[in-house]
Amino acid sequence: MTKPTTISQLISDPSCMNDYDPNAMPVAKARQFIKQFLSPVIETEILTLRESLGRVLAADILSPANVPNYDNSAMDGYAFNALDLDTEHLKVIGTAFAGKAFSGVVACGECVRIMTGAAMPQGTNTVAVQEKVLRDGDVITLTEAPKPHANVRYAGEDLQQGQTVLTTGHLMRPADLGLIASLGVAEATVCRKLKVAFFSTGDELVGLGKPLETGQVYDSNRYTLFGMLSRLGVEIIDLGAIADDPAILEKTLFDAAHQADVVITSGGVSVGEADYMKLLLAKHGQVMFWKIAMKPGRPLAYGKVGNAHYFGLPGNPVAVMVTFYQFVREAMLSLMGQASDGQPGSAPLPLFSVECTVPIKKLTGRTEFQRGILFTDASGTWKVKPTGGQGSALLSSMSLANCFIVLDETIGNLDAGAMVQVQVLDGII
Ligand code: AMP
Ligand code: MG
């Protein structure tokens, strides 16, 4: 694909399959189109280490010193010189604690009782673990000789002074906070938070706390969007539920694009009669409207409104979540500055193969993201089964699920026992 300079150029490009081309747009191709326009935010800020959790590094972290800083023992035991390995008995002349070094020099035939993390005393280079030693008063005997230099952690073994420890584009996780703290570094330069504005559209939407009348539904999309955006650590601007009124929608859209880096809407991008978002976007934005070859989540719009990136998600509650995880999440991580394998842009979610224990009905020609439950069978093997009803309005299927079962365009009906690919929804970090 040659890189177009603007979305307008792309809109008129037949390969874009814009404006609900009857040949639906494959999922991978839509991702590829969006990717071309995702430049990370450029503003950065310096934060304390704790505040940097979940943010993306905007500068490499270099090690200002060797880690560990000094040679030390990896075990509780006795430190001595490897030249003494054949000596029958060694005399204990002192103790070295973590944080309280033994200050003397250890001569031939001598050893020092040493604790994990304590600096290796001068004259020693090997540690015998305490379980392999017999002690009688001040004298020890090695019951099993260690190899020379065993159980010693050397200065710079983990990280060398000046070494790049974490690179620009790295998303900060708990281990990174510890790693950077272990260098004695208290701050990190990170990309500023992404600002994301969103609103729901639809005359039928009712806010919580009000009774429902016939034909009305509670606005649940703003709650799932709030949850998904919160997990990404972005700044959230919730602009409410907006009725299908072109003037109010227009004002809200401008308001959103003015304040935010990314605008997300749900509903109104399909071809229904009250789908005004599409008309507004055609008038004011540079937006591509696709019929994606996927289930759930057929209609999807992506483009720019002013300087803001725009994602028009379907209205159906499950479709909102699926399109968010399959398109918006990855795009947002890229805009937040994330890089993978040294390249700008976030990595797609990993896929794992597992056996599906029940048959699945599926049409070829589109990608389905069924909601699945990963579980262990009696022998402890991980397997998957769908959550049950797969309608795109059935949010309970998302609540029950701990994974998506991803069935690509080539896959048709599957028998029980078939291997399928899954994307895990729950993460521990
Ligand atoms: P639309 O894409 O606007 O035609 O909406 C498709 C379906 O999703 C309709 O049944 C809507 O009532 C429903 N829907 C749209 N927005 C929301 C929302 N914010 N919360 C819950 N359901 C919604
Ligand atoms: Mg609607």
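One can find the structure itself at the top, above this paragraph.
Just so you know, these numbers come straight off a predicted model, no measurement behind them.

This part is about the overall build of the protein chain. For the protein chain, the count of helices and strands is eight helices and 28 strands. Since a compact globule built from 429 residues should have a radius of gyration of about 22 Å, the 30 Å found for the protein chain marks it as more spread out than a globular shape. Principal-axis analysis of the C-alpha atoms gives the protein chain an extent of 95 × 50 × 50 Å. Of all 429 residues assigned to the protein chain, the portion counted as buried reaches 46%.

Moving on, we get to the site of ligand 1. Around ligand 1, a shell composed of 14 residues is seen, among which Glu 204, Asp 219, Ser 220, Gly 268 and Gly 315 lie nearest. In this structure, a nitrogen atom belonging to ligand 1 sits 2.7 Å away from a side-chain N or O atom of Asp 219. At a separation of 3.2 Å, a nitrogen atom of ligand 1 approaches a polar side-chain atom of Asn 221. Burial of ligand 1 by the surrounding chains reaches 75%, relative to a free accessible area of 480 Å².

If you walk across this open sheet you meet the six strands as β7-β4-β6-β5-β9-β8, and the pairing is mixed. The open sheet has two free edges, formed respectively by β7 (126–129) and β8 (133–136), since each of these has just one partner strand. Put simply, the sheet's adjacent strands are angled 40° from each other on average, direction ignored. Inspection of the sheet shows strand β4 (residues 77–80) paired to strand β6 (residues 110–114) by three bridges, in the antiparallel sense. Residue pairing across strands places Ala 79 opposite Val 112, the latter belonging to β6.

On to the packing of helix α4 (residues 221–232) against helix α7 (residues 317–335), then. Between two packed helices, what matters for the description is the angle formed by their axes and the separation of those axes. Between α4 and α7, the least distance of the axes is 11 Å, while the angle of their chain directions is 25°. Taken as axis vectors, α4 and α7 run roughly parallel relative to one another. Here the hand of the crossing between α4 and α7 comes out right-handed. Seen from α4, the contacting residues are Asn 221, Thr 224, Leu 225, Met 228, Leu 229 and Leu 232; seen from α7, they are Pro 317, Val 320, Met 321, Phe 324, Tyr 325, Arg 329, Met 332 and Leu 333.

Moving on, we come to the state of the cysteines. The term disulfide refers to a covalent linkage connecting the sulfur atoms of a pair of cysteines. As enumerated under the stated definition, the model contains zero disulfides in all. With no disulfide partner, Cys 108 has as its closest neighbouring cysteine sulfur the one in Cys 111, 13 Å distant.

Calculation criteria
- Residues numbered from 1 in each chain as written.
- Chains lettered and ligands numbered in written order.
- Predicted model: local features only at pLDDT ≥ 70, side-chain atom pairs only at ≥ 80, totals over all residues.
- Heavy atoms only, no water.
- Helix = DSSP H or I, 4+ residues; strand = E, 2+ residues; numbered from the N terminus.
- Rg over C-alpha atoms; globule rule 2.2 N^0.38 Å.
- Buried < 20%, exposed > 50% of the residue type's maximum accessible area, 1.4 Å probe, protein only.
- Near = heavy atom within 4 Å.
- Polar contact = N/O pair within 3.5 Å; in protein donor to acceptor, adjacent residues only side chain to side chain.
- Areas by Shrake-Rupley, 256 points an atom, 1.4 Å probe, with all protein chains shown as cover.
- Pairing = 2+ DSSP bridges.
- Axes fitted to C-alpha atoms, helices over the stretch in contact; angles between N-to-C directions.
- Parallel < 35°, antiparallel > 145°, perpendicular 65-115°, else oblique.
- Left-handed = near helix turned anticlockwise from the far one by under 90°.
- Contact = heavy atoms within 4.5 Å.
- Disulfide = S-S within 2.5 Å.

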